[in-house]
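Close look at the chain arrangement
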Amino acid sequence: MSETEEIQAKKALVQRVREMGFREASALEHESLRVLIDDTGSFCPELCNTQDSRRLNAHWVPYFRANSPEPYSDSKNGSYWKSEHLYNMAGSFVCFPNYGTGHILDGIMHPVNGWTANEKWNFVKSGKDLESGAIWTLSTMESPDTKMPLSFRKVDALVPGESVLYSALKITNNGSKEVEITGGAQSLIGAPFFSPLCHISASAKEWIVPPVGSEYDATSRLAAGKEFISLSRAPLASGGETDISVAGGPIGKTDYIMGAIPKSSALGWEAVVNPVLKLVYLNFFPGPLGIEESNDVPIYFNHILLQYGGRSWAPWAPYEGGTDISYCLGIGGATSAWTAGLEYSCAAKKVLGSPVTFTIPAKGEKTFCQGSLFDHYEDNILDSGIVGVENEEGKLVCKSAAAAWRFNADTSFKVIRRL
């Protein structure tokens, strides 16, 4: 085991560990959550609710995730895994400066979902904040290509009394010219939490399917390029509509959509409700409202991946042409044109009237903040799903069609910003 730091107070614990594949990682745990954050790609394969003396992980760990101490080699591993990202991928991760497919732009190699979801982060330190009682870890990363001289500084924290993983990523442009990038975060949700009949919702009011020519041409059941206004009425390629707000089973299809968050929204969010387990997984982040006056990364879209078995190639299937046995849901907030990558987004400029890139000025910086809540509710209040989310002081208010449930949460991100 690598160097360990332990902080015991009110069941709070931070420690350095090695997980599967001998990946070095930080584990944080308090009275209701346990999380594991890898140095490689800053993947978070474990976000467990630990209430009621049980541990239930919301995050998806792919069956094909490598369990080897050997680093990825394109010559050895490329034919099966296709990319280093898929070799290590699990749970949630941040994607900067490229969201989506890997490519070369202006002589710079941008891997799948960017350097932050591929390169190894430098663990700096962990500790406990005396003012709030939060336990935290700090990691940093430098751009591997001097042609885009970005620095990344990331803090992850758990706050007592809140079943939320808070993450803040500061991106600094050390160059003499502004840089145009894409980015955001994605959470891959899996069994046993995610299952058929879970309810899926988000803050977007307008949605769109990727156009013809995307990576989903061969896997999607939805009408390419079609716009729609409700997850319950998604347009089918064969004609008619289908309700994707309720999770389906492994139907042999993989779909991707993105939706524009209203510019009047102070808070962006996406949520999954399991009515059997009475559990909610919900990501929240600063919305478009007031973003011009802030120093935040502007997040204009909700992104949803319905990975229901449509990819008949490795590693999603055990072999080329085989059956896709990967079942999960991807939800995230990002500024990007689907998963088409930075080059495509720079050319597209806008989708659904909102920008699909953002800039960081020379010698400037921007910060991405997100909370990932995983918590219980009672009295069947959210069994039919979440239709709206509001922020109150110290509370995240989740509304169903008939009632509301309040979770303890810092929607202003005061603690994580200070850390």
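Here, the structure is the one placed above.
Residues numbered from 1 in each chain as written. Predicted model: local features only at pLDDT ≥ 70, side-chain atom pairs only at ≥ 80, totals over all residues. Heavy atoms only, no water.

A look at the sheet that holds strand β2 (residues 23-29)
- Here we have five strands laid out as an open sheet, ordered β1-β2-β3-β4-β5, and antiparallel in their pairing. Looking at strand neighbours, the two that pair on one side only are β1 (13-19) and β5 (56-57), the edges of this open sheet.
- With seven bridges joining them, β1 and β2 adopt antiparallel strand pairing. Considered in β2, the bridge of Val 14 is made with Leu 28. (Pairing = 2+ DSSP bridges. Helix = DSSP H or I, 4+ residues; strand = E, 2+ residues; numbered from the N terminus.)

Things to note about helix α1 (residues 74-81)
- Burial in α1 covers these residues: Asn 77, Gly 78 and Trp 81. Take α1 and look down its axis: the buried residues cluster within an arc of 120°, on one side only. Residues of α1 that are exposed and point over 90 degrees away from its buried face: Ser 75, Lys 76 and Ser 79.
- At its buried positions, α1 is contacted by α2 (84-88).
- Downstream of α1 by one or two residues, Lys 82 has phi in the positive range, about 75°. (Buried < 20%, exposed > 50% of the residue type's maximum accessible area, 1.4 Å probe, protein only. Arc of directions from axis to C-beta. Contact = heavy atoms within 4.5 Å.)

Re the environment of Val 397
- With respect to the element layout, Val 397 can be found in strand β30 (residues 395-399).
- According to the relative accessible area criterion, Val 397 is buried, its value standing at 2%.
- Sequence separation between Val 397 and Phe 407 is ten residues, and the spatial gap between their C-alpha atoms is 6.5 Å.
- Ignoring any residue separated from it by four or fewer positions in sequence, one finds Val 397 in contact with Gly 388, Val 389, Glu 390, Glu 392, Ala 404, Trp 405 and Arg 406.

What to know about unusual backbone geometry
- Residue Pro 192 is reached from Ala 191 by a cis peptide bond, and omega for that bond is 10°.
- Positionally, Pro 192 belongs in the loop between β14 (183-189) and β15 (199-202).
- Residue Pro 315 is reached from Ala 314 by a cis peptide bond, and omega for that bond is 5°.
- Within the element layout of this structure, Pro 315 appears in the loop between β23 (301-308) and β24 (327-335).

Quick look at the sheet that holds strand β16 (residues 206-208)
- Read across the sheet, seven strands follow the order β6-β14-β24-β23-β20-β16-β17 without closing on themselves; strand pairing throughout is antiparallel. Single-partner strands in this sheet number two, and they are β6 (92-95) and β17 (227-228).

Observations regarding the pattern of salt bridges
- According to the stated counting rule, one finds 25 salt bridges in the structure shown.
- With a closest N to O distance of 2.9 Å, Asp 296 and Arg 417 form a salt bridge. Pair noted here: Asp 296 is in the loop between β22 (279-286) and β23 and Arg 417 is in helix α4 (residues 414-418), with a separation of 121 residues, a long-range link.
- Given a relative accessible area of 41%, Arg 417 falls into the partly exposed group.
- Measuring nitrogen to oxygen at the nearest pair gives 3.1 Å for the salt bridge that ties Glu 392 to Arg 406. Placement of the pair is Glu 392 in strand β29 (residues 388-392) and Arg 406 in strand β31 (residues 404-408), with a sequence separation of 14 residues.
- Look at Glu 392 and you get partly exposed, because its relative accessible area is 34%.
- Here the salt bridges share partners, and the residues they tie into one network are Arg 16, Arg 18, Glu 24, Asp 39 and Lys 120. (Salt bridge = Lys/Arg side-chain N within 4 Å of Asp/Glu carboxyl O.)

These results come straight from atomic positions and should not be treated as a statement about function.
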